[in-house]
Every structure is written in structure tokens, then in C-alpha cells.
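Survey of secondary and tertiary structure
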Amino acid sequence: MLSVLRVHLPSDIPIVGCELTPYVLLRRPDSSITTDDVSESAPLDGYYLRYKWYRIQSDRKVAICSIHPSEQATLQCLGCVKAKIAVSKSYHCTPRCFSDAWQHHRLLHDRAASSVNENGVEEEEMFGRFNSTGSAVSNTSLSGSTSSIANNSSLNNGSAPLYPTTGTERSAGETWFEVGRSKTYTPSADDIGHVLKFECVAVDAETKLSAGHVNTIMTSRVIPAPTPSPRHLVPVNGMDVMGHLDLDGRTASSGTFTVLSYNILSDAYATNELFSYCPSWALSWPYRRQNLLREIVGYRADILCLQEVQSDHFDEFFAPELDKHGYQALYKKKTTEVYTGTYAIDGCATFFRRDRFSHVKKYEVEFNKAAQSLTDAVVPITQKKAALSRLLKDNVALIAVLEAKFSNHGADTPGKRQLLCVANTHVSVQQDLKDVKLWQVHTLLKGLEKIAVSAEIPMLVCGDFNSIPGSAPHALLAMGKVEPMHPDLGTDPLGILRPPSKLTHQLPLVSAYSSFARMGVGAGLEQQRRRMDATSNEPLFTNCTRDFISTHDYIFYTADSLTVESLLELLDEESLRKDTALPSPEWSSDHIALLAEFRCKPKQRR
């Protein structure tokens, strides 16, 4: 007989919008063990599995803290309610919680006073909101706050929806509503604050009766997904008014386009050991993928350059989901799998909006292949094994040539094609391999030079270069050369960097974010400059964990053919909240996204 040995959930904290997939261990009639599903349509030896999900709705009203979503709320900021901020962001578990979060929380009030949160409706639909109907108000005032705080007696989850009488049970002040009959279940806004129950049992296919013990799991209370404050575009022309990411009204002939570069943190590397400070539910892939997708789609970029995209996640999630938002996908995976219980492999994914660009050509750069050619040409045969061991790091680059469906050319050049070359890469992470990092960047740039020679074409070079500002790879990208006395050149056991005079390129590359330091005046720019390193003119950080904070991510562009119009505002420690590192419940990668808006320069007549 088919029997259920064990059921459990990867995380017992369910989040709205994030699919729950129980692990079910079975014993087949032949005594073999499996985790395969056995459906009613395909019974095994006359038995199949029946699943049921219940919502346990208590008479006691509960709300969830917006800062610590696994904690029950006891305080509510009525300033949020008056400002029409998503009500779920108004709850706090303790006065200390509200006080600690006030510097960040007040930004919600400031922004709501000047404009309506453009994502408000979408957030409420996807992740739900609470409604306060009580009138009991405390005069408690916290440091620096003018907001009133409602005590817990006024909290509830809104008027209860009407449910059918079938599939419900009531006992001891609780009502159990049947909400699903499939193996998986995705919590909705109606589930917020309630416990879920999962049942699994083997069933006789003929009699439809249970044929064994009913296995159950009880979850914690369902929580809404925490949402960070939106990031805005900051013009680099000196205007004080921040731009908005709502670009739907932009015409196809505007001549500008936006490019996002983002290392999204592969699930294979998002381990509890590495990121022990991040709650396990926020580190789980079902949560992170939804949070990342919402963030990425919210930027509305025309071109997306993503790194650390697992091949299975690309095929099963990102490509189909972003297709719904009008993006066409290109992908290049690394050349070796990483074993993490199952084999996983990540790579670089480039997406572009079909209504803005069309695909012309794709180039794939495998640094392993280039390493093989290099060792065959310059390394003595006795050293080849050691050389390959050092050089073969499986990194790749994806180069896409796109044609714009918009133009800023004058009337004297009708029908002129506007091409764009976009490189997306992820350079070796090992910090002791400075020679390998530099060689990989040099190899990529030489490939881009060949494309530039074949066609006059603007270029973007995006990615995670795992190289800090001032390093040799950064110098090569930004300055076009590496000084012979650069300290990084001291690491060259294979002699692949000699002579230093060869470490050059002719592409007029400039870092997009250096525009904050070079251009204009204004409140928006001054705030961003404080988040820049004065020496390198790069962001103070793009990668921020508890043990490491630095800049590894860049967007470079050819300054002779493109100009920067605006940049996505940088985060600071206050924006990331006190004592917080990445990833976090709000931000689901250990990197931050970079985004730049560009305009193509008209080609000069000869």
C-alpha cells in the first residue's frame, strides 16, 4: 500500500504571493522510497495522494509588524493612514521597533506628502493591506515623531469575506476554511495574519476513502511581503526634482533608453551559513524570486543585464515571467555546474523590451576557451596543467547587438538604423586571482574592440566585475590602460600580463555613475554625491553583506556616442535600515541594482 512517511515545508513562515511547496516522502507498495507525486489521474497500485489546505481564522484579530513581519503588531502609525500609505507599512511590534525605524519610516511620510506612491495599488493587490476600523487612540509620541499611535485594540484585518459553508469547520473560536486541494498553495492577502494547515493522505482510488494516517503541517501566521521604499531616477543635469520610474508615457521617439545591471544572487549561493543574519524565510527562493521580480519589473528598464541567474530559474521563472512584461530574453550559462545537493549552474541573462529593441546578433564569450588558447600559445607544456587550474574559472560574458525601434536622428537621415552593443558579464570572484580578473576583463574588451571596428556602434559594458574602484580591471575599463607600476600587476605567476603596455583598449568607456560627480548642482545630486567615493567617483558600495562592503558592479558606456540623462538613486546605510546587511527581507540580493538612462548622440558628419 502507498503510505506517507513524512511531510515538511522548507520554511514554516508563509508569505503572500510566494508558493508553498511541501516536501512529501512516500513509501511505494514495493517498499521503495520516493518523493514523486501520485495523482488521482495516475494512481499507483490503486492508491493516490489527496491534499488539502486550510486557513485557520481565529476570532482574535491580528496584524503583523511591518519591520519584523514574523512578529505580531501592537502599534499603528496613524500618520500613515492619514497619508494614504499602504496600511500594512504602518504597523510595529513595539515602541522600540517604531523608534528605531523612524528615520526610515518618516521618508514614507515625506514622499507621500509630495506625491502618491506609484506602486501603491500594485503592492496592495499583490501583498494585501490591513484596514483599521477601531477608534481607540493612544497619545503616545515617539522621539522625533508627530504621528499618533493606535494601540492593539484597534487592529483588525478588515471585514471578513464571505466563504461558502462547504469545506469549513468551527471549533473553540476558530473557523477552518478549505482554501486548496493541490500539493502547492500560494497565500493571498486574505490569508494575512492566519495560520495555514496542510493535510496529505493516501486514498483508495476505488472507494475514495483514506487508507492510512493523515499527515498534517501547521504553519506560522501568513505575513505580507515587506516592501522597501521605491528608488527614483535622479537627473544629472542639475534639476532638483527627482524623476519617476513610471516611463509608460514616454514616446518611442524620445531617443532615450534605460539599462539595468543587477547581480540577483543565485539560490545556490544564498545559504544560511553565508547569510545567517537574514531570516530563513526571506532567504528562501520562493520568496526571493517574487521579490526580485517585483523589484526588477518596477524599474521598467528597457534593457536588463542580470548576473547569477541559475539556468533552471531562467527557463522556469525569469524568461516566462518577464515575457509577460514584454521582454525578450538571451542567456549564457557558465561552463561548469556547482553541486549544492542538486546540480545548479548560473550565468548572465540579458532581457530587452520588444517594443523598444529588436535582436540583431548575439556573441558568447567563454573565458575557459580563451584560457585554453592562451595556454597553448604562451605557456610551456610542463606548466599547462597548473596554468589551466588557475585560469579555468568558468566565467562568461554575453554580448548582444540590438537595433533601436526609436531614433533621435534628424530629418536629414531618415531610416538610419540605430544599433547598440550591450555586454553583460560576471568576472571571477576569487580575490587572490588578480591576474585572472584582469585577463578576463582585457579579453572581453578586445572582443568588443573587434565589434567596434566592424561597425560604428554605441557600447555598454555592464556586470559584476568583482573588482573594486582603483583596481587594475577598473583602471583598464575606465582609463583604457593599466599603469606599469600598478600593484595588481605584481600578481602574475603565469606571465600573462606582460608586457603591461599590451593592457590597453581604444574604447572611450566612462562609468555611468561617475556622472553624479561630474555634472550639475542640485539637492538630488548633492545627496547622491555623499553616497559616492570622492577618489574614484564610484558608488561607496554596490555589494553589502555583514562581513563585506564595497563596489563591484558598474555600467560603462562609450562617451563619444552616448550621454547619461539620469541615474537610479544610490542606497545608503539609512536606506538599508539600521544594523542591516544584504540580503534582507526588503532587498533580496547581496548586491544593489544600478540603472542609467542614456541618449544616443547624433553621429557627426565627416
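Conventions adopted
- Residues numbered from 1 in each chain as written.
- Predicted model: local features only at pLDDT ≥ 70, side-chain atom pairs only at ≥ 80, totals over all residues.
- Heavy atoms only, no water.
- Core = buried A, V, L, I, M, F, W, Y, C linked by side-chain atoms within 4.5 Å.
- Buried < 20%, exposed > 50% of the residue type's maximum accessible area, 1.4 Å probe, protein only.
- Helix = DSSP H or I, 4+ residues; strand = E, 2+ residues; numbered from the N terminus.
- Pairing = 2+ DSSP bridges.
- Axes fitted to C-alpha atoms, helices over the stretch in contact; angles between N-to-C directions.
- Contact = heavy atoms within 4.5 Å.
- Salt bridge = Lys/Arg side-chain N within 4 Å of Asp/Glu carboxyl O.
- Arc of directions from axis to C-beta.

Take the nonpolar core next. Core analysis: the biggest nonpolar cluster contains 67 residues, and Phe257, Leu260, Ile303, Leu460 and Phe598 have the highest contact counts within it. When residues of this core are assigned to their parent elements, the largest contribution, six residues, is made by helix α5 (residues 285–299). Ranked by size, the runner-up nonpolar core spans 42 residues in total, among them Val7, Tyr47, Tyr51 and Leu283.

Take the sheet that holds strand β19 (residues 357–366) next. Working definition: the strands of a sheet are paired by backbone hydrogen bonds and lie parallel or antiparallel to each other. Spatially, six strands are ordered β19-β20-β21-β22-β26-β23 in an open sheet, and the strand pairing comes out mixed. Only two strands of the sheet have a single partner each, and these edge strands are β19 and β23 (509–511). Averaged over all adjacent pairs, the angle separating strand axes in this sheet is 20°, with direction ignored. Contacting β19, β20 (396–404), β21 (419–426), β22 (459–464) and β23, helix α9 (residues 434–454) runs over the sheet at an angle of about 160° to β22. Each of β22, β23 and β26 (553–558) is contacted by helix α10 (residues 472–479), which is oriented at about 25° to β26, the strand it contacts most.

Read from one edge of the open sheet, five strands run β8-β9-β4-β10-β11, paired in antiparallel fashion. Only two strands of the sheet have a single neighbouring strand rather than two, namely β8 (168–171) and β11 (215–221). Taking the axes of each pair of neighbouring strands and ignoring which way they run, one obtains an average angle of 25° across the sheet.

It is worth spelling out unusual backbone geometry at this point. Here the residue pair Arg498 and Pro499 is connected by a cis peptide bond, since its omega of -10° sits within 30 degrees of zero. Mapped onto the elements, Pro499 comes out in the loop between α10 and β23. Omega for the bond connecting Leu582 with Pro583 falls within 30 degrees of zero, at -5°, which places this linkage in the cis form. Tracing the backbone shows Pro583 in the loop between β27 (562–568) and β28 (594–600). Although it is not a glycine, Glu308 sits at a positive phi angle of roughly 60°. Along the chain, Glu308 turns up in strand β14 (residues 303–310). Its relative accessible area of 11% is what places Glu308 among the buried residues.

Below, the discussion takes up the pattern of salt bridges. Across all of its chains, the model carries 24 salt bridges by this definition. Here Arg28 makes a salt bridge to Asp36, at a shortest N to O gap of 3.6 Å. Relative accessible area serves as the criterion here: at 46%, Asp36 is assigned to the partly exposed category. Residue Asp346 is joined to Lys334 by a salt bridge in which the shortest nitrogen-to-oxygen separation is 3.5 Å. One end of the pair, Asp346, is in strand β18 (residues 346–353); the other, Lys334, is in the loop between β15 (327–333) and β16 (338–339), with 12 residues separating them in the sequence. Accessibility classification places Asp346 together with Lys334 in one group, the buried group. Within the structure, one salt-bridge network assembled from shared partners comprises Lys332, Lys362, Glu364, Glu366 and Lys369.

Bringing the environment of Cys65 into the picture now. Note on placement: Cys65 falls in the loop between β4 (47–58) and β5 (75–77). Considering only alpha carbons, one finds Cys65 and Ser90, 25 residues apart in sequence, at a separation of 8.1 Å. When near neighbours in sequence (up to four residues on either side) are disregarded, Cys65 contacts Glu71, Gln72, Ala73, Tyr91, His92, Cys93 and Cys97.

Glancing now at helix α8 (residues 384–391). Every buried residue belonging to α8 is among Ala387, Leu388 and Leu391, and all of these are buried. Along α8, the residues classed as buried sweep out an arc of 95° about the axis, all on the same side. Away from the buried face of α8 by more than 90 degrees, exposed residues Lys385, Ala386 and Ser389 are located.

Each regular strand displays side chains that alternate between the two surfaces of the sheet. With eight of its eight residues buried, β18 lies for the most part within the structure. As paired strands, β14 and β18 are joined by six bridges and run antiparallel to one another. When the sheet's bridge partners are listed, Leu304 is paired in β18 with Phe351. The sheet contact formed by β15 and β18 spans seven bridges and is antiparallel. Bridging from a neighbouring strand, Leu330 pairs with Thr350 of β18.

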